[in-house]
Amino acid sequence: MNFFVDNLPYILAGISVGGQYALIAIGYTMVYGILRLINFAHGDMFMMAGLVMVYLAADLPMQIAIPVVIVFTVVLGCMIEKVAYKPLRSAPRMSIMISAIGVSYLLQNAALYLTGGLAKTYPAIPWLAKTVEIFGAHTKMVTIVTPILTLVLVIGLVLLIKFTKIGMAMRAVSRDFETSQLMGIDINRVITVTFIIGSFLAAVGSVLYFTNYTAVLPTSGSMPGLKAFVAAVFGGIGSIPGAVIGAFIIGICENIIKGLGWTTFSNAFTFVLLIIILMVKPTGLFGEKNIDKV
Amino acid sequence: MLEIRNLNVHYGGIHALRGINLEVDDGKIISLIGANGAGKSTTLKSVMGLVPKSAGSVVWNGRDITRLETKEIVKAGIALCPEGRKVFPDLTVAENLTIGAYLRKDKEEIKKDRDWVYELFPRMKEREWQLAGTLSGGEQQMLAVGRALMTKPKLLMLDEPSLGLAPLVIKDIFSIIRQIKEAGVNVLLIEQNAKAALEISDFAYVMETGTITMSGPGRELLSDDRVKKAYLGE
């Protein structure tokens, strides 16, 4: 109990950052589920969302800037899919992965060009940056909003996938392209919807994340991107609940490690975890078992 | 009526189909028999637009569907029940049937067709809420046929429906194919089980390495010496 009380600020921060990783991780895991592609550009899209917010908030009120950022990110995500992935649909998987790495560098360098390499200060969103007190620990409002918003979005997404027609089509396409086409499903439409959802969640995640970390650099997307990716692998890539649980575990563990005074090792922890998972249980917590039925 | 004219397909550097001509008349069961790798599945897949055609044309009730997308071909009333069943294992039986009707909006008719599928395969009704991956091979085949019927096809193409099934189950499947035909759906059947296929076919084609080498009424081919020797093991 003492441990809990002493570390409360860190645990709260962990839950919050865990939720932010979760919102990014869902994008990785959904795209992987359907295209069997690790979308390396996803973290950089998240950074672009942050950067665009910096520029928009300079001239627009928040109520307009936030929706515009979300729309921009969704459009960017779909454009990346159309330009860099769609033409490679029947190419070997390695080609499309290399294309994803290329897009990642393209976005980072575009950001470098735009910002001149300077850190941009993320605008403070009044109702998110407000300080509140829980159980005697002082924290920003965003710490409380993040896990709640994350859970609401995840539940909404799970219901969408389980009960709607497009959700059923997504489950079918993630299993078998050819047979899905035979049902009359438009594969490209399903893929577009997947990218819309992934980009939307990444944009929401970026608003929450940068409210905490305030500086946007061209490389700001890579660390949270990598960690969300590890979370997706940890949870079992392709599984949405897995990605969310993995993200919360990583977020909380990282911050507890910081609380114990080992800040230097908090990043290392995540990647050691990745290595251990890949050695011990490569399919992750809820990953699909590879059943090869003939 | 479906007409395939001079269909050519190149597949990964191989000339897989070399000028196929084939017709499926209304009210008939047509079968396409031949050894492994003869190009039977490729023929059906290219009709559905899943495999690009390098030459030739496909005409469906007077309409040229050679270059249509798969979705449009399904909408036009052609369904393919793929080789190896390919049910969606983590969808329930009911969902597998629903997804068959993906393009349809006529709720009443969809319900009627679902009832018909359950009538053809009472076992599917019993297992409505079970994941398709947990069904036996025979049940999965029935579900795959049912799912194809849910697209409301006027032509049902079946790719090796008897593959890997027990003889009794095969008998069931073939009797249901007959019922489907009686319900007014034309059937194009691919089989390695040449005897069973020829027995129920009104007309049959024999395929060898990308070309059609023989054709004729099913019964006639059954007694043809060359067919007997090559495909019936007599």
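Residues numbered from 1 in each chain as written. Chains lettered and ligands numbered in written order. Predicted model: local features only at pLDDT ≥ 70, side-chain atom pairs only at ≥ 80, totals over all residues. Heavy atoms only, no water.

A. Seen up close, the overall build of chain A. For chain A, the helix and strand inventory stands at 13 helices and four strands. Taken against the 2.2 N^0.38 rule, which gives 19 Å for 294 residues, the C-alpha radius of gyration of chain A at 19 Å falls within 12% of a compact globule. Across its three principal directions, the C-alpha atoms of chain A cover 60 × 45 × 35 Å. A burial count over chain A gives 53% of its 294 residues as buried. Counting only contacts in chain A whose residues sit at least 6 apart along the sequence, the fraction spanning at least 24 positions is 76%. Surface exposure of chain A reaches about 13400 Å², of which carbon and sulfur atoms provide 71%. Side chains of chain A carry 18 positive and 11 negative charges; the gap between the two charge centres is 4 Å. (Helix = DSSP H or I, 4+ residues; strand = E, 2+ residues; numbered from the N terminus. Rg over C-alpha atoms; globule rule 2.2 N^0.38 Å. Buried < 20%, exposed > 50% of the residue type's maximum accessible area, 1.4 Å probe, protein only. Contact = heavy atoms within 4.5 Å. Areas by Shrake-Rupley, 256 points an atom, 1.4 Å probe, with all protein chains shown as cover. Lys, Arg positive; Asp, Glu negative; His and termini not counted. Charge placed at Lys NZ, Arg CZ, Asp CG, Glu CD.)

B. Spotlight on the packing of aromatic side chains. Following the criterion strictly, the structure yields eight aromatic pairs over all chains and no others. Relative to Phe210(A), the ring of Tyr209(A) lies with its centre 5.3 Å away and its plane at 90°, an arrangement referred to as edge-to-face. Residue Phe210(A) is classed as buried on the basis of its relative accessible area of 1%. Ring centres of Tyr209(A) and Tyr213(A) lie 4.5 Å apart, and the angle between their planes is 15°; this geometry places the pair in the stacked category. With Tyr209(A) and Tyr213(A) both in helix H10 (residues 187-213) and four residues apart, this pair spans about one turn of that helix. Following the ring pairs from residue to residue traces out a cluster consisting of Phe46(A), Tyr122(A), Tyr209(A), Phe210(A) and Tyr213(A). The ring of Tyr102(B) has Lys165(A) lying over it, and the distance from NZ or CZ to the ring centre is 5.0 Å. (Phe/Tyr/Trp six-rings, centres within 6.5 Å; stacked < 30°, edge-to-face > 60°. Lys NZ or Arg CZ within 6 Å of the ring centre and 35° of its normal.)

C. Examining the sheet that holds strand E3 (residues 29-34) of chain B more closely. All names here are of chain B. Spatially, E6-E7-E8-E3-E9-E10 is the arrangement adopted by the six strands of the open sheet, whose pairing is mixed. Across the chains shown, the open sheet's two edge strands, defined by having one partner strand only, are strand E6 (78-81) and strand E10 (211-216). Strand-to-strand twist of the sheet, defined as the mean angle between neighbouring strand axes without regard to direction, takes the value 20°. Bridging between E6 and strand E7 (residues 155-159) involves four bridges; their strand directions are parallel. For isoleucine 78, the partnering residue across the bridge sits in E7 and is leucine 155. Most of the contacts of helix H7 (residues 167-182) go to strand E8 (residues 186-191), to which it runs at about 155°, and overall it touches E3, E7 and E8. (Pairing = 2+ DSSP bridges. Axes fitted to C-alpha atoms, helices over the stretch in contact; angles between N-to-C directions.)

D. Quick peek at the confidence of the model for chain B. All names here are of chain B. Residue-level pLDDT values for chain B average 92, and 100% of them are 70 or greater. Summarising per-element confidence for chain B, the mean pLDDT is lowest in helix H10 (residues 225-232) (81) and highest in E6 (96). For this predicted complex, the interface confidence reaches an ipTM of 0.92, while the overall pTM sits at 0.91. (pLDDT = per-residue confidence, 0-100.)

E. Main features of helix H5 (residues 93-115) of chain A. All names here are of chain A. With 23 residues, H5 should cover 33 Å at 1.5 Å per step; its first-to-last C-alpha distance of 33 Å lies within 8% of that length. Taken together, the buried positions of H5 are occupied by Ile96, Ser99, Ala100, Val103, Ser104, Leu107, Gln108, Ala111 and Thr115. Just downstream of H5 lies glycine 116, where phi reads positive at about 70°. (Expected span 1.5 Å × (residues − 1).)

F. Representation of the interface of chain A and chain B within the structure. With 20 residues of chain A at the interface, the matching set in chain B holds 24 residues. For the chain A and chain B pair, buried surface summed over both sides reaches about 2000 Å², with 62% attributable to carbon and sulfur atoms. Of all residues in chain A, the largest losses of buried area upon contact with chain B belong to Met168(A), Leu182(A) and Met183(A), amounting jointly to 34% of the total for that side. Run the count over chain A and chain B and you get four salt bridges. We note a salt bridge from Glu95(B) to Arg171(A), for which the minimum N-O separation is 2.8 Å. (Buried area = accessible area lost by both parts, 1.4 Å probe. Salt bridge = Lys/Arg side-chain N within 4 Å of Asp/Glu carboxyl O.)

G. Spatial organisation of a nonpolar patch on the surface. Residues and elements named next belong to chain A. A grouping of Val272, Ile275, Ile276, Met279 and Val280 is seen on the molecular surface, where their side chains present a nonpolar patch of about 510 Å² in accessible area. Within the secondary structure layout, valine 272 lies in helix H13 (residues 266-280). Overall, valine 272 belongs to the partly exposed group, its relative accessible area being 46%. (Patch = residues over 30% accessible without salt bridge, like charges linked within 9 Å, V, L, I, M, F, W, Y side chains within 5 Å.)

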